[in-house]
Amino acid sequence: MNTAFIIFGASGDLTARKLIPAMYNNYRKKRLPETVQIIGFSRSPYTDDSFREKMKEAVAAFIPEQFDIKIWDEFARHVHYQVGDIDNINDYRSLVHRMSLLEDHPSNMLFYLATAPGLYSKVIGRLHEASMTVESDQSGFRRIVVEKPFGNDLASAIAINNELHGVLDERQIYRIDHYLGKETVQNVLVLRFGNAIFEPLWNRNYIDHIQITVAESVGVEHRAGYFDQTGTLRDMFQNHLLQLLMLVAKEPPVAFEADALHNEKVKVLRAIREIPAEYSSRYSVRGQYDGYCSAEGVRQNSATETYAAIQVYIDNWRWQGVPFYLRSGKNLKEKSSEITIQFRRPPTQIFDVASGKTELFTNRLSICIQPDEGIHLRFAAKVPDLGLQTRPVDMDFHYRDSFGSNLPEAYERLLLDALLGDKSLFARSDVIEHSWKIIDSIRSGWESEYAPPLFRYQPGSWGPEAANTLIGREGRWWIQDCRGEGQSDRS
Ligand code: BG6
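Please read all numbers here as calculations on a predicted model, not as lab measurements. (Residues numbered from 1 in each chain as written. Predicted model: local features only at pLDDT ≥ 70, side-chain atom pairs only at ≥ 80, totals over all residues. Heavy atoms only, no water.)

(A) Representation of the sheet that holds strand E7 (residues 207–215). In spatial order, the strands read E14-E13-E12-E11-E7-E10-E9-E8-E15; together these 9 strands make up an open sheet with mixed pairing. A strand with exactly one partner marks an edge of an open sheet, and here the two such strands are strand E14 (390–398) and strand E15 (454–457). Pairs of neighbouring strands in the sheet enclose a mean axial angle of 20 degrees, with direction left out of account. Helix H9 (residues 231–249) rests against E7, strand E9 (307–312), strand E10 (324–329), strand E11 (336–343) and strand E12 (364–370) of the sheet, and its axis sits at about 145 degrees to E10. Along the sheet, helix H14 (residues 429–446) makes contact with strand E8 (284–289) and E9, crossing E8 at roughly 75 degrees. (Pairing = 2+ DSSP bridges. Helix = DSSP H or I, 4+ residues; strand = E, 2+ residues; numbered from the N terminus. Axes fitted to C-alpha atoms, helices over the stretch in contact; angles between N-to-C directions. Contact = heavy atoms within 4.5 Å.)

(B) Broad picture of the sheet that holds strand E3 (residues 79–83). Pairing within the open sheet is parallel, and its 6 strands lie in the order E3-E2-E1-E4-E5-E6. Of all the strands in the sheet, the pair left with one neighbour each is E3 and strand E6 (173–175). The average angle at which neighbouring strand axes cross in this sheet is 20 degrees, direction not considered.

(C) Main features of the packing of helix H2 (residues 48–62) against helix H3 (residues 69–76). Contact geometry for H2 and H3: axes closest at 11 Å, N-to-C directions at 145 degrees. Handedness of the H2/H3 crossing: right-handed. Between H2 and H3, the contacting residues are Arg52, Met55, Lys56 and Val59 on the first element and Ile69, Trp72 and Ala76 on the second. For the contact of H2 with H3, the class distribution of residues is 5 nonpolar, no polar and 2 charged. (Left-handed = near helix turned anticlockwise from the far one by under 90°. Nonpolar A, V, L, I, M, F, W, Y, C, P; charged D, E, K, R; others polar.)

(D) Seen up close, the environment of Tyr399. With respect to the secondary-structure elements, Tyr399 resides in helix H12 (residues 399–403). Residue Tyr399 is classed as buried on the basis of its relative accessible area of 8%. Linking Tyr399 and Glu183, residues 216 residues apart in sequence, is a C-alpha distance of 9.6 Å. Contacts of Tyr399, omitting those with residues within four sequence positions, involve Glu183, Thr184, Asn187, Glu373, Gly374, Gly404 and Leu407. (Buried < 20%, exposed > 50% of the residue type's maximum accessible area, 1.4 Å probe, protein only.)

(E) View of the pattern of salt bridges. In this structure the tally under the stated criterion is 30 salt bridges. Residues Arg52 and Asp49 are paired through a salt bridge, measuring 3.7 Å at the closest nitrogen-oxygen approach. With Arg52 and Asp49 both in helix H2, this residue pair falls 3 residues apart, about one helical turn. On the basis of relative accessibility, which here comes to 55%, the residue Asp49 falls in the exposed class. The residue Asp394 makes a salt bridge to Arg378 at a minimum N-O spacing of 3.4 Å. Taken together, the residues Asp394 in strand E14 and Arg378 in strand E13 (residues 374–382) connect sequence positions 16 residues apart. Exposure remark for Asp394: the relative accessible area of 35% places this residue in the partly exposed category. For Arg378, a relative accessible area of 10% translates into the label buried. Residues joined in a network through salt bridges with shared partners are Arg192, Glu199, Glu251 and Arg318. (Salt bridge = Lys/Arg side-chain N within 4 Å of Asp/Glu carboxyl O.)

(F) Unusual backbone geometry, seen in detail. Cis geometry marks the peptide bond from Lys148 to Pro149; its omega dihedral reads 5 degrees. Relative to the helices and strands, Pro149 is located in the loop between strand E5 (142–146) and helix H6 (154–167). Across the junction of Gln370 and Pro371, the peptide omega takes the value 5 degrees, indicating a cis bond. If you trace the backbone, Pro371 turns up in the loop between E12 and E13. For Ser131, which is not glycine, the phi torsion reads 55 degrees and is therefore positive. One can find Ser131 in the loop between helix H5 (120–129) and E5. Located in the positive-phi region is Asn301, a residue other than glycine, with phi close to 55 degrees. By the element assignment, Asn301 lies in the loop between E8 and E9. By relative accessible area, Asn301 is classed as exposed at 71%.

(G) Region of interest: the site of the ligand. Taken together, Lys148, His178, Tyr179, Lys182, Glu216, Arg223, Asp235, Met236, His240, Lys330, Lys335 and Gln370 make up all the residues around the ligand. At a separation of 2.5 Å, an oxygen atom of the ligand approaches a polar side-chain atom of Glu216. Here an oxygen atom of the ligand and a side-chain polar atom of Gln370 are 2.8 Å apart. In the complex, 81% of the free accessible area of the ligand, which totals 400 Å², lies under the protein chains. At 3 residues, H9 tops the list of elements feeding residues into the shell around the ligand. (Near = heavy atom within 4 Å. Polar contact = N/O pair within 3.5 Å; in protein donor to acceptor, adjacent residues only side chain to side chain. Areas by Shrake-Rupley, 256 points an atom, 1.4 Å probe, with all protein chains shown as cover.)

(H) View of a nonpolar patch on the surface. On the surface, a cluster of nonpolar side chains totalling about 310 Å² of accessible area is made up of Ile350, Phe351 and Leu388. Structurally, Phe351 is set in the loop between E11 and E12. For Phe351, a relative accessible area of 35% gives the class partly exposed. (Patch = residues over 30% accessible without salt bridge, like charges linked within 9 Å, V, L, I, M, F, W, Y side chains within 5 Å.)

(I) Focus on H3. Along H3, the residues that are buried comprise Trp72, Phe75 and Ala76. The buried residues of H3 all sit within an arc of 95 degrees when viewed along its axis, so they share a single face. Tucked inside the fold, the buried residues of H3 contact helix H1 (13–28), strand E2 (37–42), H2 and E3. Taking the backbone nitrogen of Lys70 as reference, a side-chain oxygen 2.8 Å away marks Asp68 as the first, capping residue of H3. (Arc of directions from axis to C-beta.)

(J) Structural context of the packing of aromatic side chains. Applying the stated rule across the entire model yields 24 aromatic pairs. Both rings, one in Phe8 and one in Phe41, keep their centres 5.1 Å apart while their planes meet at 70 degrees; by these two values the pair is edge-to-face. Residue Phe8 is located in strand E1 (residues 3–8), and its partner Phe41 is located in strand E2; the two are separated by 33 residues in the primary sequence. The exposure class of Phe8 is buried, given its relative accessible area of 0%. Given a relative accessible area of 0%, Phe41 falls into the buried group. Among the aromatic residues, ring-to-ring pairing joins Tyr24, Tyr27, Phe67, Trp72 and Phe75 into one connected group. It is Arg143 that lies over the ring of Phe141; its NZ or CZ is 3.5 Å from the centre. Directly above the aromatic system of Tyr179 lies the positively charged group of Lys182, at a separation of 4.6 Å from the ring centroid. (Phe/Tyr/Trp six-rings, centres within 6.5 Å; stacked < 30°, edge-to-face > 60°. Lys NZ or Arg CZ within 6 Å of the ring centre and 35° of its normal.)

Following this line, the structure appears as structure tokens:
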């Protein structure tokens with residue numbers, strides 16, 4: 001059966017920057033069926049030709065190395081545009097009619113909600129009214145991809161889920177978190193469960209603590225309107241950081257399939273110890289970079305955080321007592337996302353630490369999510385020729401060395417999976433709701449009398465000093481092995 005990929009909100013940034021480049025690349029790699037049709041739907045008055053022209057410019061600008069005019073021209077024949085108002089049922093009927101006129105007219109429909117989140121409910125309602133959500137063997141599948149933010153707290157996420165479940169089955173709903181489409185993020189499970197040597201050590205007996213850092217060097221840029229209402233905790237932690245935490249902490253699933261993977265994720269979230277409001281400033285830090293309030297679109301005296309750090313515990317057999325430190329912020333020194341597994345010290349030291357010949361050190365495994373994708377393992381080695389002196393050394397794996405330079409964009413994989421009906425890399429409703437519960441509880445601490453102060457930090461720094469205090473209280477420090485220069489080579 002032929003398939004239509006229908007983008008609501010097609011004149012927006014996401015379509016030009018991510019969706020069309022990803023579909024183009026999938027086409028270029030011959031991963032799309034020849035008969036696929038991509039239809040942009042939005043109010044802006046494009047024609048097929050002017051929309052294709054705009055998309056061509058976008059692809060040439062955003063993925064210049066992969067742009068090939070010959071391939072683009074073939075691909076562009078699959079791209080169409082339909083002017084329509086998200087709230088007007090007749091425009092949905094015209095869309096259906098338009099599809100019936102296309103050569104290879106599609107039966108399967110994959111809808112993509114690239115609109116402002118406030119419009120989701122309208123699209124869902126109108127799709128239903130126009131009978132576009134009903135699937136059958138004759139009509140083909142109906143699936144919907146929902147972009148983040150998926151609500152802005154538990155109550156609103158439940159409301160969206162209820163609305164979706166009112167017209168679609170959970171198996172038809174694909175909630176996107178683009179971090180799950182990143183190669184390095186998918187590799188966390190391969191590292192853990194495709195090898196025999198890590199998993200026996202992956203627990204409280206051998207691991208001292210785990211850190212997850214998602215640092216961005218950019219500020220709020222042109223997204224202040226959205227970001228200022230949202231803040232880092234909701235924008236980054238509820239989805240990306242908690243997803244990374246779940247992948248690192250979950251139990252082995254019985255199979256690599258969507259529900260088995262999601263079941264294990266939910267167990268992690270349910271075991272996360274709640275931070276009571278009165279401990280809010282002990283276990284969380286919030287910060288805002290200097291100058292944030294003068295950015296265009298930001299409210300004067302805004303108290304929105306552009307940085308957050310939290311310390312959480314997972315109360316289960318594997319992780320009892322092991323702290324997980326999570327941090328993320330904008331306008332930091334560098335863009336760098338990494339997960340550090342810090343192992344415990346050897347139980348006794350037979351080498352001569354007192355004289356300084358042996359550095360006291362611990363093993364650690366750093367998973368470099370981006371930009372220098374790879375894995376580093378740190379261990380002790382004997383310094384040659386110097387009696388018995390030891391030093392930590394790194395064993396590195398870099399994607400670029402082993403697999404060549406160009407890692408695919410997350411959206412390529414995610415869009416393809418949605419077309420193929422594989423939900424492993426999308427978020428299930430209960431995962432979303434449990435994540436919001438955790439974020440809401442931290443936020444209620446921030447709104448209470450025990451709230452931590454909103455610390456200021458310099459753009460281009462590593463965030464507020466209070467984040468160093470948070471992790472330093474127990475003799476630990478933030479680690480950045482993936483940066484190459486090793487900001488922290490203390491062991
Ligand atoms: C998005 C957030 O989900 O992720 C942005 O809304 C953030 O604020 C972005 O900049 C970061 O994604 P990446 O892939 O650049 O790490």
